[in-house]
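# Coordinate inspection notes
So you can see what is in the structure, the chains are spelled out below.
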Amino acid sequence: MSEESRLREEICRYGRSIFERGLTFGSSGNISVMLEDGWLMTPTNASLGSLDPARLSKLDLEGRHVGGDKPTKETFLHQGMYRRRSNARAVVHLHSTHSVAVSVLDDIDPEDVIPPLTAYYVMRVGKLPLVPYYRPGDPALGPAVEALADRHRAVLLANHGPVVAGTSLDAAVYATEELEETAKLHLMLQGRRTRPLTPEQVADLRAHFPD
Ligand SMILES: O=C(O)[C@@H](O)C(=O)COP(=O)(O)O
Ligand SMILES: [Zn+2]
């Protein structure tokens, strides 16, 4: 099996798993992976639960649509991540409920939306900035994400959901799942006194587990 065929299968397998676990709904969310000769993207208006490997959209290195169904309307958002993160090989965007809930809270720090509650969150996600609200598919989302992507592997789109890059599709999915679970913890702990990791503990994790 070629590397491209393997990645096509992997996108569909992860899409189904994400959908069946209720991490995104309807036809929301999109996934991309980088190839030697371009990118694979999930098609627009496709349910992540029932993707067809043969119908995934293929883009060439110039970003031209060269195969499969019409790509996600968030293509430029994925491309913004790849442009700024030279080690990114996959990008995942979901409408995962708890992450979306955090994205609509009024009193969050837009530079660091969720406190460092656990080591795994710091290792997988790091510091999470909020991207101001834009309509889905608005081309202005591309530069807005790009402006943050060199310093952050994950960003949270206000009133929308997370966008997470990884050095592999596994890494991007695991980080998106960790972000969702930590958003859930954060919401569960609202109104309780909490003890997030200290700046020293966060710095130690970053030194041991660089991006
Ligand atoms: O929220 C939206 O509309 C998009 O960001 C999305 O999640 C699904 O769009 P397509 O990938 O174009 O279906
Ligand atoms: Zn979306």
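Residues numbered from 1 in each chain as written. Chains lettered and ligands numbered in written order. Predicted model: local features only at pLDDT ≥ 70, side-chain atom pairs only at ≥ 80, totals over all residues. Heavy atoms only, no water.

Going by what an unreviewed UniProt entry lists, the protein is known as 3-oxo-tetronate 4-phosphate decarboxylase and is assigned to Marinimicrococcus flavescens. Its UniProt record gives the protein the following Sequence similarities (unreviewed entry) comment, quoted word for word: "Belongs to the aldolase class II family. AraD/FucA subfamily." Among the UniProt annotations of the protein, the heading Cofactor (unreviewed entry) holds the following wording: "Zn(2+)". (UniProt positions renumbered as here; feature names shortened; annotations may be inferred.)

## Observations concerning the UniProt feature "domain: Class II aldolase/adducin N-terminal" (unreviewed entry) in the protein
Feature annotation in UniProt places "domain: Class II aldolase/adducin N-terminal" (unreviewed entry) on residues 9-187, given in this structure's numbering. Annotated as 35% helix and 18% strand, the span residues 9-187 places its first and last C-alpha atoms 35 Å apart. (Helix = DSSP H or I, 4+ residues; strand = E, 2+ residues; numbered from the N terminus.)

## Quick word on the coordination of the zinc ion (ligand 2)
Protein coordination at the zinc ion (ligand 2): the donors are His 93 (NE2), His 95 (NE2) and His 160 (NE2), at 2.1 Å from the metal. Classification of the site at the zinc ion (ligand 2) rests on its six donor atoms, whose angles at the metal span 72 to 167 degrees, yielding the label irregular. One chain supplies every donor for the zinc ion (ligand 2), spaced along it as H-x1-H-x64-H. Of the two residues, His 95 sits in the loop between strand 5 (90-93) and helix 3 (97-103) while His 160 sits in the loop between strand 7 (154-157) and strand 8 (161-166), which places them 65 residues apart along the sequence. On the accessibility criterion, His 95 (28% relative accessible area) is partly exposed. What makes His 160 buried here is its relative accessible area of 8%. (Donors = N, O, S within 2.8 Å, 3.2 Å for Na, K, Ca; no water. Tetrahedral: all angles 85-135°; square planar, octahedral: opposite > 155°, others 65-115°. Buried < 20%, exposed > 50% of the residue type's maximum accessible area, 1.4 Å probe, protein only.)

## With respect to the nonpolar core
Soluble globular proteins: nonpolar side chains tend toward being buried together. Core analysis: the largest hydrophobic core is formed by 20 residues, its most contacted members being Ile 11, Ile 18, Ile 31, Val 33, Leu 51, Val 92 and Leu 169. Contributions of two or more residues to this core are made by helix 1 (3-20), strand 1 (30-35), strand 5 and helix 6 (169-188). No other element matches the five residues that helix 1 contributes to this core. Here Leu 51 is in contact with Ile 11, Cys 12, Gly 15, Thr 42, Pro 43, Ala 46 and Leu 56, once residues within four sequence places are set aside. (Core = buried A, V, L, I, M, F, W, Y, C linked by side-chain atoms within 4.5 Å. Contact = heavy atoms within 4.5 Å.)

## Describing the environment of Thr 44
Topologically, Thr 44 is positioned in the loop between strand 2 (38-41) and strand 3 (57-60). A relative accessible area of 22% places Thr 44 in the partly exposed class. Along the chain, Thr 44 and Asn 30 lie 14 residues apart, while their C-alpha atoms are 8.0 Å from each other. Those residues in contact with Thr 44 that lie beyond four places of it in its chain are Lys 70, Pro 71, Thr 72 and Lys 73.

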